[in-house]
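Observations on the model geometry
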Amino acid sequence: MLLSGTDLLAVANKNQFAVPAFNVSDYAMMNGLFEISEEKKAPLLIAIHPDELSHVGVDMMRAVIARAGRSSVPVAIHFDHGASYEQILLAIRVGFTSVMIDGSMLPFAENIALTRRAVEAAHAVGVSVEGELGTIGKTDSEAEDGAATIIYTEPDDAVTFVEETGVDTLAIAIGTCHGIYPAWMKPELKLELLERIKVKVSIPLVLHGVSNNPDTEIGQAVKLGVNKINISSDIKVAYHDKMREVLTDTSLREPNSIQPPCIAAMKVTAAHKIDLFDAAGKAELY
Ligand SMILES: [Zn+2]
């Protein structure tokens, strides 16, 4: 069944687990993510970034909506890192049930103004909104948006931001980066900061840039109250690492010969995240 982001994440907030938001820009990968979520009986967020939407084209949304509608697990379709009011309107028009407006690189007051405008439009048609406060880092040029340096989310600012914008979920910066960390960089989350934000902010909290962070830290973040975790790089690395291996057999030509082992490898990674986020079996709570 297809739900709004708010309805999907309210259950996670109440029951202390996190829903994985898997980034999708490929039809076969999308099917694999639905399959593994159904096998694990886990709620699912299909996340599509504006660059991914340009790649697959807006017509793909009809397929995503149709697949979500007949899914045995609850699903929301989330527009990841919307950069402008106009992009949010497009996302609403093509059928996303949840949108992110990312004003995190703007000055505080401008971020509030842009986010509030997006909330007014989205709420008018029952679509939920994620805002972002603080900046998430960026490790390499393949990574999606991000800043050179991380600005951590201040708990009091988070309270003001939520009150003044009316957002349904909040992405916070506690030390994660988009992309895969280079060998010299040791990711470290400020979990005490997460605790201080969670005490003050009651809406679901979101972590971006979590690929490649140690499992122990992520597991703790879930226990401390994160309810949506974005995973993009890890599933794509699993898929394409396998594809490089498969393509060493140069006799292969058909996508239906080449892609299935890659999808299987991606599903192993996705299943691991679902377990780590404590989301397995949670579909029955809806
Ligand atoms: Zn992100």
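Here's a quick rundown of the structure.

Cut-offs applied
- Residues numbered from 1 in each chain as written.
- Predicted model: local features only at pLDDT ≥ 70, side-chain atom pairs only at ≥ 80, totals over all residues.
- Heavy atoms only, no water.
- Axes fitted to C-alpha atoms, helices over the stretch in contact; angles between N-to-C directions.
- Helix = DSSP H or I, 4+ residues; strand = E, 2+ residues; numbered from the N terminus.
- Left-handed = near helix turned anticlockwise from the far one by under 90°.
- Contact = heavy atoms within 4.5 Å.
- Phe/Tyr/Trp six-rings, centres within 6.5 Å; stacked < 30°, edge-to-face > 60°.
- Lys NZ or Arg CZ within 6 Å of the ring centre and 35° of its normal.
- Buried < 20%, exposed > 50% of the residue type's maximum accessible area, 1.4 Å probe, protein only.
- Arc of directions from axis to C-beta.
- Polar contact = N/O pair within 3.5 Å; in protein donor to acceptor, adjacent residues only side chain to side chain.
- Donors = N, O, S within 2.8 Å, 3.2 Å for Na, K, Ca; no water.
- Salt bridge = Lys/Arg side-chain N within 4 Å of Asp/Glu carboxyl O.

Our focus in this paragraph is the packing of helix α7 (residues 155-165) against helix α8 (residues 191-200). In contact at an axis separation of 9 Å, α7 and α8 are set at 35 degrees when each is read in the N-to-C sense. Crossing hand, α7 versus α8: right-handed. Residue-level contacts link Pro155, Asp156, Ala158 and Val159 of α7 to Leu193, Arg196, Ile197 and Lys200 of α8.

The tally for this structure, following the rule as stated, stands at one aromatic pair. The ring centre of Tyr85 lies 3.7 Å from the NZ or CZ of Arg117, which sits over that ring. Across the ring face of Tyr152, the terminal group of Lys190 is positioned such that the distance to the ring centre comes to 4.0 Å.

So, about helix α1 (residues 5-15). Within α1, the full set of buried residues consists of Gly5, Leu8, Leu9, Val11 and Ala12. On an axial view of α1, the arc spanned by its buried residues comes to 145 degrees, and they lie on one face.

Residue placement: Asn227 occurs in strand β10 (residues 226-231). Polar side-chain contacts of Asn227 include one of 3.0 Å to the backbone oxygen of Phe17. For Asn227, the residues in contact, after removing those within four places along its chain, are Leu9, Ala12, Asn13, Phe17, Ala18, Val19, Lys198, Pro204 and Leu205.

On to the coordination of the zinc ion, then. For the zinc ion, every protein donor is listed as His81 (NE2), His178 (NE2) and His208 (ND1), and the spread of their distances is 2.0 to 2.1 Å. Positions of the donor residues of the zinc ion along the chain correspond to the pattern H-x96-H-x29-H. Note that His178 is positioned in strand β8 (residues 177-178) and His208 in the loop between β9 (205-207) and α9 (215-223), a separation of 30 residues in sequence. Assigned by exposure class, His178 and His208 land together as buried.

Glancing now at the pattern of salt bridges. In the structure shown here, the tally under the stated rule is 13 salt bridges. Salt-bridge contacts for Asp156 lead to Lys200; the nearest nitrogen and oxygen are separated by 2.5 Å. Here the residue Asp156 occupies a position in helix α7, and Lys200 occupies one in helix α8, the gap between them amounting to 44 residues. Taking relative accessible area as the criterion, Lys200 reaches 44% and is therefore assigned partly exposed. Salt bridges sharing partners connect three or more residues here, namely Glu35, Glu39 and Lys267.

Okay, the environment of Thr248 next. On the secondary structure map, Thr248 appears in the loop between α10 (233-246) and α11 (255-276). On the basis of relative accessibility, which here comes to 64%, the residue Thr248 falls in the exposed class. Of the polar contacts made by the side chain of Thr248, one reaches the backbone oxygen of Glu245; its length is 2.5 Å.

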